[in-house]
Amino acid sequence: MKFEIYFCGSIRAGRQDAEIYRRIISKLKKYGTVLTEFVGTNDDSKEGESHTKERELSDSEIHERDIRLLEQCEALVAEVTQPSLGVGYEVGRAVVLKKPILCLFRPSCGKILSALIRGIHNEEDIIIKDYKESDLDDTLQEFFEKVQKMQEKNKK
Ligand SMILES: O=c1[nH]c(=O)n([C@H]2C[C@H](O)[C@@H](COP(=O)(O)O)O2)cc1CO
């Protein structure tokens, strides 16, 4: 399986889960190319050393680049535990673009996921999954098998 994958995680809404994003991205590489690897790059500074390049771009350039990558991707995986306007927007745009979507939420954080995210689950091409890191391998495998099947069906 070799897909182009758009990964979403909080940036300006807080970098507390950046290390988890990095670990998810390294698992995603088994399934293809991660178009937004910078979301998981480890950083010490508040906005992130890894975003030095991002800082060279204007907000509208970041938005244009991300929409282009969203259109290009074959699947979107979002870590939605840390609430982020940018991630919510990306998920909404991916719904409109009819991309397969996997949203990953850790209930252990004590927060309650937005109904506007949990409510898009359809058991088919949009999966909203409560997870623990120990479940990730199985969850990703299951999701990308679905994506593969959908692509094969669409080719017929
Ligand atoms: O510099 C950036 N680069 C970028 O690609 N994004 C995208 C990717 C992330 O999945 C998402 C994070 O949004 P936010 O910054 O609102 O938490 O938006 C967001 C920012 C900063 O808002």
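Model, not experiment: these values are computed from the prediction. (Residues numbered from 1 in each chain as written. Predicted model: local features only at pLDDT ≥ 70, side-chain atom pairs only at ≥ 80, totals over all residues. Heavy atoms only, no water.)

**Student:** What's the story with helix α6 (residues 136-155) in this structure? I'm lost.
**Tutor:** Between its first and last C-alpha, α6 extends 29 Å over 20 residues, near the 28 Å set by a 1.5 Å rise per residue. Of the positions making up α6, those classed as buried are L136, T139, L140, F143, F144 and V147. Taken down its axis, α6 places every buried residue within 115° of arc, on the same side. Seen from the open side of α6, the exposed residues pointing more than 90 degrees away from its buried face are D138, E142, K149 and K153. The secondary structure elements touched by the buried residues of α6 are β1 (3-8), α1 (18-28), β3 (75-79), β4 (101-105) and β5 (126-130). (Helix = DSSP H or I, 4+ residues; strand = E, 2+ residues; numbered from the N terminus. Expected span 1.5 Å × (residues − 1). Buried < 20%, exposed > 50% of the residue type's maximum accessible area, 1.4 Å probe, protein only. Arc of directions from axis to C-beta. Contact = heavy atoms within 4.5 Å.)

**Student:** Any chance you could explain the side chain of E90 here in plain terms?
**Tutor:** Here E90 is to be found in helix α4 (residues 85-96). Of the side chains with opposite charge, R65 lies nearest to the buried E90, which makes no salt bridge, at 7.5 Å. Residues contacting E90, with those up to four places away along its chain left out, are Y6, C8, D66, L70 and L76. (Lys, Arg positive; Asp, Glu negative; His and termini not counted. Salt bridge = Lys/Arg side-chain N within 4 Å of Asp/Glu carboxyl O.)

**Student:** Could you clarify how one ought to interpret the nonpolar core in this entry?
**Tutor:** The tendency in soluble globular proteins is for nonpolar side chains to be buried as a group. Of all hydrophobic cores here, the largest spans 23 residues; its most connected members are F7, I24, L28, V77, F143 and F144. The set of elements that each furnish at least two residues to this core consists of β1, α1, β3, β4 and α6. With residues up to four places along the chain from it excluded, the contact list for F143 reads A75, L76, V77, P100, I101, L102 and I127. Residues C8, L35, C73 and I128 belong to the second largest nonpolar core, which totals 20 residues. (Core = buried A, V, L, I, M, F, W, Y, C linked by side-chain atoms within 4.5 Å.)

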